[in-house]
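This is what each chain is made of:
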Amino acid sequence: AYLGNALPLPWGVTAAGATQAIQPGDTIPFPSAAVGTPTVLSVRVRNTGTAPAQISTLNASPSSFQLQNAPALPLGIAVGGSATLGLAFVPQTSGNTSGVLRIGDASFVLSGVGLGPKFSCTVAAPGQTPSACDGSTITLPSTSIGDRLGFTVQIANTGNQPGTVQNFAVGGSGFSVAAAPSLPASLAPGDSIVVNVSFAPAVLGITGGFLQINGQTSNIVVAATAPPSLPAISFTNVNAQMQPLAQPLIGIHLASAYPHDLSGRVSLSFSSDSLVDDPAVQFLNGQRYVDFKVPGGATDAVFGTIATGVVLQTGSTAGAIALAASFSLGDYLVTGSSPVTQNISIPAAAPQIRAFQIGAMDSTGFDLLITGVSTTRSLAQLAFTLTPADNSALATTTLTADVSAAFNDWYSSALSRNFGGQFSVSVRFNVAGAVAAIQAITATASNAKGTSDPKSLTLQSSGGQ
C-alpha cells in the first residue's frame, strides 16, 4: 500500500496474539459477538519507507465499528516506526454487519456477526399489504361505524439466538385484543406468534391507536366512516289526533331491516293549550322517555326484554304531544340532530262525564258524585234532568248550576295541576217531599267547546208518593 508521499506502509491485524498481514481492499473479520458486547482487534501501521509518513484520514463506519484510543491527526510515523490502533466491533443487531476502515488513502472491509435475538413485527389487515411495526405509523383500511375490522400482529424472531417477548400492548379507542398472548413468551430463531386484534370505531374521522412490543411503539391510524343510512322509520298505533285518557300501545317500525344492532330512546314533550303541564302525559314507566333496541336484521323496536310496544298515556289536557326517537350505534348517534318525530294533538273539546253515582242518601235528599274530564281545564255549567217515578209528579224536572267560579278556583289551584283536566264534584240535592218520587236523574256538563253526552243514573226501581 502507498500513501500520498509514495512511501510503502505494510499493514497488520492482531487478534488473540496472532498477527495477519492485510492489504488495502482486504476484509478484516471480527469474531462473532453478542449484541452490545464489544470485540477489539489491534491494527498496526508500520513505516518501512525511507522518509517519515503523514496520515490525515483515520475513521471506521458505521457505528457498529469504533476506533479506540485513536491518535490525533495528522498522524506522523517515522521511518521504521509504527502505530497501533484499537478497532472494536460492537454489534447493534443480530446477524451480519459490514463496514469500512479508512487509513489515509487505503480502505479495508470490516465484517462481523452479531449474536442475539431480533424481533420483527408485521401487521396484516384485509385488502392491504402487510406493514412493518418498526416504530413507524401504520395505516389500516377505512372502517364504517358498526363494523369491526379484524387484523393480525405477527411477532417473529429473525435473529440467531433465542429471545423473549416481554411486553405486548394495543391501545386506543375502539382497539381490542381477541386473545392476549401469554407473556413473557420465549421464541427460538425462526419462531413467531400471531395475535388477533380488532378495531370497532365509535366516532367519525381519524382514530389513533398504538402498538407496543418490547418497549417499541408504533402508531396506528384508521379512518372511521359513517354507517349505512337508516331506512324510513315510523311510529305505529299513533294518530295525528288522539283522545284524552287514552293508553295506546305504540311501537317503532323500520321499513327494512338494518344490518347492525341499534339502541335508541324515544322521548316525549307536551305543550299545553292552557299553559299548565299535565304530568299524566307520560309512558307507563312513569317517565317521559323510554329506551329501546332494534336487533340487527329486525324491523321492530323492542322495549324491555321482548315487548314490541310501550304504553303512552295521553293525559287529560288539550295540547300537543311530540314524540322524538333517536337511534345509536354504540356511542354514535345515527340520527344526529334530526330524530324521528311524531306529533299528536289532544283536542280542546266538550267535557266528558266518566262516572256518575249516588253518594249519601237520606229522607231529605241525596248527594250526586260526578267524575269527568275537561281538556280545556274549564267548566261552566252542570245541568240535571229528573225523571219522576211511576204515579209520581215532580214540581221541578230540570235544574242548572253555574259552576264556572268554582271550577276556575279549582283549575287555578296548585293541587289541580296533578290531575290535568280531570275533576270530581259532589252536588247536594235537597228534596221537599219524598225522595222516592225521583226514579232517575240525567246529568250533562258544559264548557265553551260544548256539552257532554248525557249520563243517567237510576235512583228508584218503582214508583212512590
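Just so you know, these numbers come straight off a predicted model, no measurement behind them.

This part is about the overall build of the protein chain. Along the backbone of the protein chain there are one helix and 41 strands. Counting only C-alpha atoms and orienting by the principal axes, one finds that the protein chain spans roughly 165 × 40 × 35 Å. Put simply, the protein chain has 465 residues, and 40% of those count as buried. For the protein chain, long-range pairs separated by at least 24 residues make up 68% of all intrachain contacts whose partners lie at least 6 apart in sequence. Of the roughly 22,300 Å² of accessible surface on the protein chain, a fraction of 51% belongs to carbon and sulfur atoms.

On the secondary structure map, T314 appears in the loop between β30 (310-313) and β31 (319-329). Engagement of the side chain of T314 in a polar contact is seen with the backbone nitrogen of A246, the distance being 2.9 Å. Every residue in contact with T314, bar those within four places of it in the chain, is listed here: M242, Q243, P244, L245, A246, P248, V281, I321 and I346.

On to the sheet that holds strand β26 (residues 249-254), then. Taken together, four strands build an open sheet; the order of strands is β25-β26-β30-β28 and the sheet is antiparallel. The open sheet has two free edges, formed respectively by β25 (233-236) and β28 (282-283), since each of these has just one partner strand.

An order of β34-β35-β38 is seen for the three strands of this open sheet, with the pairing classed as antiparallel. A single partner strand is all that each edge strand has here, and the edge strands are β34 (352-362) and β38 (422-430). On average, adjacent strands in this sheet sit at an angle of 20° to one another, irrespective of strand direction. Pairing between β34 and strand β35 (residues 365-373): eight bridges, direction antiparallel.

Turning next to the layout of surface pockets. In this structure, the largest pocket occupies an estimated 230 Å³ of space. For the largest pocket, the lining is made up of 14 residues, of which L394, T396, V431, A432 and I438 are closest to its centre. Looking at side-chain class alone, the lining of the largest pocket contains 11 nonpolar, three polar and no charged residues. Every residue along the wall of the second largest pocket is listed here: F119, S120, C121, T122, A132, C133, D134, I213, N214 and Q216. By residue number, the principal contributor to the lining of the second largest pocket is strand β13 (residues 119-124), which donates four residues. Of the residues belonging to the lining of the second largest pocket, the class tally is five nonpolar, four polar and one charged.

To continue, consider the pattern of salt bridges. Close approach of charged atoms allows side chains of opposite charge to pair. Going through the model one piece at a time under the given rule, you end up with four salt bridges. Three or more residues are tied together by salt bridges with common partners; here these are D362, D367 and R428.

We now examine the packing of aromatic side chains. In the structure shown here, the tally under the stated rule is 12 aromatic pairs. With a centroid separation of 5.1 Å and an interplanar angle of 20°, the aromatic rings of F65 and F89 are classed as stacked. A residue pair is termed long-range when its members are at least 10 positions apart, and F65 in strand β8 (residues 65-68) and F89 in strand β10 (residues 82-89) qualify at 24 residues. Across the pair, exposure class does not vary: F65 and F89 are buried alike. Members of the aromatic cluster, each reached through a chain of ring pairs, are F407, W410, Y411, F419 and F423.

Turning our eyes to something else, we now look at the environment of L262. As for its position among the elements, L262 is in strand β27 (residues 262-272). In sequence terms L262 and I353 are 91 residues apart; their C-alpha atoms lie 44 Å from each other. The contact partners of L262, leaving out residues within four places of it in the chain, are L230, L254, K293, V294, F327, S328, L329 and V334.

Now for unusual backbone geometry. Between L73 and the following residue, P74, the backbone shows a cis peptide bond with an omega angle of 0°. Structurally, the position occupied by P74 is in the loop between β8 and β9 (75-77). Residue L183 is joined to P184 through a cis peptide bond whose omega torsion reads 0°. Within the secondary structure, P184 sits in the loop between β20 (175-177) and β21 (185-187). Its identity is not glycine, yet N237 carries a phi of approximately 60°, on the positive side.

Cut-off values and rules
Residues numbered from 1 in each chain as written. Predicted model: local features only at pLDDT ≥ 70, side-chain atom pairs only at ≥ 80, totals over all residues. Heavy atoms only, no water. Helix = DSSP H or I, 4+ residues; strand = E, 2+ residues; numbered from the N terminus. Buried < 20%, exposed > 50% of the residue type's maximum accessible area, 1.4 Å probe, protein only. Contact = heavy atoms within 4.5 Å. Areas by Shrake-Rupley, 256 points an atom, 1.4 Å probe, with all protein chains shown as cover. Polar contact = N/O pair within 3.5 Å; in protein donor to acceptor, adjacent residues only side chain to side chain. Pairing = 2+ DSSP bridges. Axes fitted to C-alpha atoms, helices over the stretch in contact; angles between N-to-C directions. 1 Å grid on protein atoms, 1.4 Å probe; cavity = no way out; pocket = protein on both sides within 12 Å on 5 of 7 lines; lining within 4 Å. Points joined across faces, edges and corners; volume = space filled by probe spheres on them. Nonpolar A, V, L, I, M, F, W, Y, C, P; charged D, E, K, R; others polar. Salt bridge = Lys/Arg side-chain N within 4 Å of Asp/Glu carboxyl O. Phe/Tyr/Trp six-rings, centres within 6.5 Å; stacked < 30°, edge-to-face > 60°.

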